[in-house]
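Below are the chains, spelled out letter by letter.
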Amino acid sequence: MNDQLNYLEQLEAESIYIMREVAAQFEKPALLFSGGKDSITLVHLAIKAFAPMKIPFPLVHIDTGHNFPEALQFRDQLAERIGAELIVRNVEDTIRNKKLTEPKGKFASRNWLQTHTLLDTIEEFQFDACIGGARRDEEKARAKERFFSVRDEFGQWDPKLQRPELWDIYNGRINKGENVRVFPISNWTELDVWNYIRKEQIPLPPIYFAHDREVIEYDGQLIAVSDFIRIDETDEIIRKKVRYRTVGDMTCTAAVESTAETIDEVVSEIIASRISERGETRIDDRVTEAAMEDRKKGGYF
């Protein structure tokens, strides 16, 4: 247990160091916040990094309109509790203002469209750095990124133009119009995040623990019944005890059948799992082999 605590302390120290580097190197940083466990962990790390002051950047949520209510409620409560500025921009407004074509189909996800809203928000507030909770173990495209990931003036990412990060030196220099996406918990795994949440006793939305929910089974996945998906005559609505390993939109995030109602039980389930959280639960990543990388090249976080 002591070795595990020492390891978590090392990860924490690295992430806090990166947070402070962001505050030192950039003029207008922001923390992208979804109400999910990784962004909640980032907020906790930011609080520790800058205590006793408040965190020196706003929380920014790009709201697709297809979120889990539990995540939105937690988002608002957390921002109020820590006294952080919360900026919310809605994908629905972008669809209307830019006359974008909304995706159709059974699980019509707005994930691709939220890139437009994110880039508009960065331009609106002139953010030069956006902190996010992406981790290298989530998906192979994530594994290609550095802690400081530079995006061009169009918000695009080129995996071949990554800056070296030797001896904990991070280069945040950018040209006018460019911005940097910063990933302080890149080196963490899903299990690390949960062990840290347990160690620090970080509150989470109840969606991460086993609860009864109406779902349909589709292509081996359990999808929550909501107004955002199309229920066909052949779909059977069933009630199961489930939890979520990752929290995205209700249109693209599947649940896993589970009885884990405590953090210790969740940790035990993760240890036994042989499939990554995105690999098991994200419908949008199954579109193509390079779905995530294609989105990132286009400006997605």
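Everything numeric here is computed off the predicted structure, so don't read it as measured data.

J.: In this structure, what is going on with the side chain of serine 226? I would like to understand it.
T.: Tracing the sequence through the fold places serine 226 in the loop between strand E8 (221-224) and strand E9 (237-243). On the accessibility criterion, serine 226 (13% relative accessible area) is buried. Among the polar contacts listed, one links the side chain of serine 226 to the backbone nitrogen of phenylalanine 228, at a separation of 3.1 Å.

J.: In this structure, what is going on with unusual backbone geometry? I would like to understand it.
T.: A negative phi holds for most residues other than glycine; trans holds for most peptide bonds. Looking along the chain, the bond that leaves alanine 51 and enters proline 52 is cis, with omega of 5°. For proline 52, the position within the fold is in the loop between helix H2 (37-50) and strand E2 (59-63). Its identity as a non-glycine residue notwithstanding, lysine 99 has a phi of 55°, on the positive side. The topology assignment puts lysine 99 in the loop between helix H4 (91-97) and helix H5 (114-125). On the accessibility criterion, lysine 99 (71% relative accessible area) is exposed. Positive phi values are uncommon outside glycine, yet aspartate 219 reaches one of about 55°. Checked against the element boundaries, aspartate 219 lands in the loop between strand E7 (211-218) and E8.

J.: What exactly am I supposed to notice about helix H3 (residues 69-82) here?
T.: In this model, H3 (14 residues) spans 20 Å end to end at C-alpha, consistent with the 20 Å of a helix rising 1.5 Å per residue. Those residues of H3 lying buried are Ala71, Phe74, Arg75, Leu78, Ala79 and Ile82. Burial along H3 is one-sided: seen end-on, the buried residues are contained in an arc of 130°. Exposed side of H3, more than 90 degrees from the buried face: Pro69, Glu80 and Arg81 are the residues found there. Taken together, the buried residues of H3 touch H2, E2 and strand E3 (86-90). The first or second residue beyond H3 is glycine 83, which carries a positive phi of 70°.

J.: Got a minute to help me understand the sheet that holds E8 in this structure?
T.: Two strands in a sheet stick together by hydrogen bonds in their backbones, pointing the same way (parallel) or opposite ways (antiparallel). Reading around the circumference, E7-E8-E10-E9 is the order of the four strands in this closed barrel, with antiparallel pairing throughout. Averaged over all adjacent pairs, the angle separating strand axes in this sheet is 65°, with direction ignored. Direction of pairing for E7 relative to E9: antiparallel, over a ladder of six bridges. Within E9, the position partnered with valine 215 by the bridge is isoleucine 238.

J.: Would you mind showing me how to read the packing of aromatic side chains here?
T.: Pairs of aromatic rings are described using the distance from one ring centre to the other and the angle between the two planes. Evaluated as defined, the whole model comprises eight aromatic pairs. Note on phenylalanine 125 and phenylalanine 127: the rings are 5.3 Å apart at their centroids and 15° apart in plane angle, and the pair reads as stacked. Like phenylalanine 125, the residue phenylalanine 127 is buried in the burial classification. With a centroid separation of 5.9 Å and an interplanar angle of 80°, the aromatic rings of tryptophan 194 and phenylalanine 209 are classed as edge-to-face. Within this pair, whereas tryptophan 194 is found in helix H6 (residues 190-200), its partner phenylalanine 209 is found in the loop between H6 and E7, the two being separated by 15 residues in sequence. We note that tryptophan 194, like phenylalanine 209, is buried. An aromatic cluster is defined as three or more aromatic residues linked by ring pairs; in this entry it consists of Trp194, Tyr208 and Phe209.

What counts and how
Residues numbered from 1 in each chain as written. Predicted model: local features only at pLDDT ≥ 70, side-chain atom pairs only at ≥ 80, totals over all residues. Heavy atoms only, no water. Helix = DSSP H or I, 4+ residues; strand = E, 2+ residues; numbered from the N terminus. Buried < 20%, exposed > 50% of the residue type's maximum accessible area, 1.4 Å probe, protein only. Polar contact = N/O pair within 3.5 Å; in protein donor to acceptor, adjacent residues only side chain to side chain. Expected span 1.5 Å × (residues − 1). Arc of directions from axis to C-beta. Contact = heavy atoms within 4.5 Å. Pairing = 2+ DSSP bridges. Axes fitted to C-alpha atoms, helices over the stretch in contact; angles between N-to-C directions. Phe/Tyr/Trp six-rings, centres within 6.5 Å; stacked < 30°, edge-to-face > 60°.

No statement about biological role is implied by the geometric values presented.
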